[in-house]
Amino acid sequence: MEKILIIGANGFLGRRLLYRFQDEFDVYGADLITTGIHEKYHPNYIDITKKTVVHDLINNIKPNLTILTAAMTDVDACEDFPEKARKINTDGPLFVAEALKEIGGRMIHISTDFIFDGEKGDYNEKDIPKPISIYGKTKLEGENNVLKQKIPTLICRTSVLFGWPEVDQRHNFFSWAYENLSQNKELKIISGQITTPTLVDDLVEFLYQNSNFTQTEIYHTCGCESISRFDFILKLIRNFNFDENLLKEVDFFPQKAKRPNNSSLNTSKIQKLGKYKFRNINQSFQYLKAKSKNSK
Ligand SMILES: NC(=O)c1ccc[n+]([C@@H]2O[C@H](COP(=O)([O-])OP(=O)(O)OC[C@H]3O[C@@H](n4cnc5c(N)ncnc54)[C@H](OP(=O)(O)O)[C@@H]3O)[C@@H](O)[C@H]2O)c1
């Protein structure tokens, strides 16, 4: 049985990867805080900004496959703490890839649509990235650091991950809106900011189905529908029968980091693989509606 190491295993995507891969892999989970990682996934402390810690752990486990989900994901906080963002999002992936090169492991690195400036939209894998935020810049440098190691790698760029978080996890855009709407609170949502939101379970399934790779590829692994933040919430309201009057469109919303206007990703390349189809927004909401809030 192959060993898989999930780094960032306590996070939103990371925990779901632990559950999905357990049938066919010996699963190891690592994060800064390991309290949310079940014993059966061999919880391990890791700080990806510490080269020795990363090398020691990877040398001990010797994983065949490593998925790096750990990142500084708070886009605004990255503007406030650019050095911290650089260490986590740029140095961290380098240390992981270097250590995997030594033991001959392959790697999936999770990246973001925010490496693009958002002037064009519908970005494919050959488009030239041009980040406009510290988060985007540091994540792009992280990608490049991984690619330079020339180990078998999938760079998987995704966008606005959504689904039900577990009770001890932070809200995502969907669950935050759902929670507020459930309490009849008004939502002010910015017009514009077009992305390709991604049901987290679809990304997990894609990664699982494509985990047996031998070559390096960049993939845009996101939902198949590009949509504005506002229209996403409107669809949420309609699918879950909330009151549409709670939704207000605003032109400006104070945010520290610049957001791309249209960072939607083109998914033709993964669609050609034919292995897994990402759901559209309505299908995703119906899936979440059918799934109980705290199920795994
Ligand atoms: N969420 C999205 O909408 C989205 C969109 C596009 C791309 N992505 C990418 O997808 C990946 C997964 O996102 P996610 O939503 O699952 O993120 P998440 O929930 O924030 O999980 C990331 C995990 O990494 C941990 N971490 C942070 N710094 C670390 C360090 N120095 N060493 C080890 N672990 C560290 C975090 O711990 P703390 O919580 O304690 O910091 C957290 O448990 C990220 O690479 C992100 O850039 C996400």
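Quick question: what am I supposed to make of the overall build of the protein here?
Within the protein, the secondary structure is distributed over 10 helices and 13 strands. Here the C-alpha atoms of the protein give a radius of gyration of 19 Å, agreeing with the 19 Å that 2.2 N^0.38 yields for 296 residues. Summarising its shape, the C-alpha atoms of the protein cover approximately 55 × 40 × 40 Å along the three principal directions. Across the 296 residues in the protein, those meeting the buried criterion constitute 56%. Look at the contacts in the protein between residues 6 or more apart in sequence, and 75% of them connect residues 24 or more apart. Total accessible area on the protein stands at roughly 13,600 Å², and carbon and sulfur atoms take up 48% of it. Mean positive and mean negative side-chain charge positions of the protein (40 and 38 charges, respectively) differ by 2 Å.

Whenever I open this one, the site of the ligand confuses me. Can you help?
If you check the shell around the ligand, you find 26 residues, and the closest are Asp-31, Tyr-135, Lys-139, Leu-161 and Arg-170. Taking Phe-12, its main chain carries an N or O atom lying 3.0 Å from an oxygen atom of the ligand. Residue Thr-73 places a side-chain N or O atom 3.0 Å away from an oxygen atom belonging to the ligand. Isolated, the ligand exposes 890 Å² of accessible area, and the fraction of that covered by the protein chains is 84%. Put simply, the parts of the chain that give the shell around the ligand at least two residues each are helix H1 (12-21), strand S5 (106-112) and helix H5 (134-148). Split by residue class, the shell around the ligand holds 12 nonpolar, 10 polar and 4 charged.

When you look at the nonpolar core in this model, what are you seeing that I'm missing?
Nonpolar side chains tend to gather and get buried jointly when the protein is soluble and globular. Ranked by internal contacts, the top residues of the largest apolar core, which has 32 residues, are Ile-7, Ile-48, Val-54, Val-96 and Met-107. Secondary structure elements with two or more residues in this core: strand S1 (2-7), strand S2 (25-31), helix H2 (51-61), helix H3 (75-80), helix H4 (82-103) and H5. Tallying contributions element by element places H4 first for this core, with 8 residues. Of all hydrophobic cores here, the second largest spans 29 residues; its members include Ile-4, Leu-18, Ile-110 and Leu-203.

Explanation requested: a nonpolar patch on the surface in the structure shown.
Together, Leu-32, Ile-33 and Tyr-45 give the surface a local cluster of nonpolar side chains, amounting to about 330 Å² of exposed area. Judged by relative accessible area, Tyr-45 falls into the partly exposed class, the value being 46%.

What is the right way to look at helix H6 (residues 173-182) in this model?
Along an α-helix, residues three or four apart share an orientation, since each turn contains 3.6 residues. With 7 of 10 residues buried, H6 lies mostly within the body of the structure. For H6, the set of buried residues is Phe-173, Phe-174, Ser-175, Ala-177, Tyr-178, Asn-180 and Leu-181. Among the structural elements, strand S7 (161-162), strand S8 (187-190), helix H8 (229-239) and helix H10 (281-290) are those in contact with the buried residues of H6.

When you look at the pattern of salt bridges in this model, what are you seeing that I'm missing?
Taken as a whole and assessed by the stated rule, the structure comprises 21 salt bridges. Asp-80 is the partner of Lys-256 in a salt bridge, and the nearest nitrogen-oxygen pair spans 3.0 Å. Remark: Asp-80 occurs in helix H3 and Lys-256 occurs in the loop between strand S13 (247-250) and helix H9 (268-273); sequence separation between them is 176 residues. Accessibility expressed as a relative area gives 43% for Asp-80, which makes it partly exposed. A single salt-bridge network, built from bridges that share partners, covers Arg-15, Glu-166 and Asp-168.

For this particular structure, what's the right way to read the sheet that holds S5?
Across a sheet, paired strands are connected by hydrogen bonds in the backbone, their directions being either parallel or antiparallel. Taken in spatial order, the 7 strands line up as S3-S2-S1-S4-S5-S6-S11 in an open sheet, and their pairing is parallel. The open sheet terminates on both sides in strands that have one partner only, identified here as strand S3 (44-45) and strand S11 (217-220). When strand S6 (residues 153-158) meets S11, the two strands line up parallel, connected through 4 bridges. From the neighbouring strand, Leu-154 faces S11, where its bridge partner is Glu-217. Strands S5, S6 and S11 of the sheet are contacted by H5, whose axis makes an angle of about 160 degrees with S5.

Rules used throughout
- Residues numbered from 1 in each chain as written.
- Predicted model: local features only at pLDDT ≥ 70, side-chain atom pairs only at ≥ 80, totals over all residues.
- Heavy atoms only, no water.
- Helix = DSSP H or I, 4+ residues; strand = E, 2+ residues; numbered from the N terminus.
- Rg over C-alpha atoms; globule rule 2.2 N^0.38 Å.
- Buried < 20%, exposed > 50% of the residue type's maximum accessible area, 1.4 Å probe, protein only.
- Contact = heavy atoms within 4.5 Å.
- Areas by Shrake-Rupley, 256 points an atom, 1.4 Å probe, with all protein chains shown as cover.
- Lys, Arg positive; Asp, Glu negative; His and termini not counted.
- Charge placed at Lys NZ, Arg CZ, Asp CG, Glu CD.
- Near = heavy atom within 4 Å.
- Polar contact = N/O pair within 3.5 Å; in protein donor to acceptor, adjacent residues only side chain to side chain.
- Nonpolar A, V, L, I, M, F, W, Y, C, P; charged D, E, K, R; others polar.
- Core = buried A, V, L, I, M, F, W, Y, C linked by side-chain atoms within 4.5 Å.
- Patch = residues over 30% accessible without salt bridge, like charges linked within 9 Å, V, L, I, M, F, W, Y side chains within 5 Å.
- Salt bridge = Lys/Arg side-chain N within 4 Å of Asp/Glu carboxyl O.
- Pairing = 2+ DSSP bridges.
- Axes fitted to C-alpha atoms, helices over the stretch in contact; angles between N-to-C directions.

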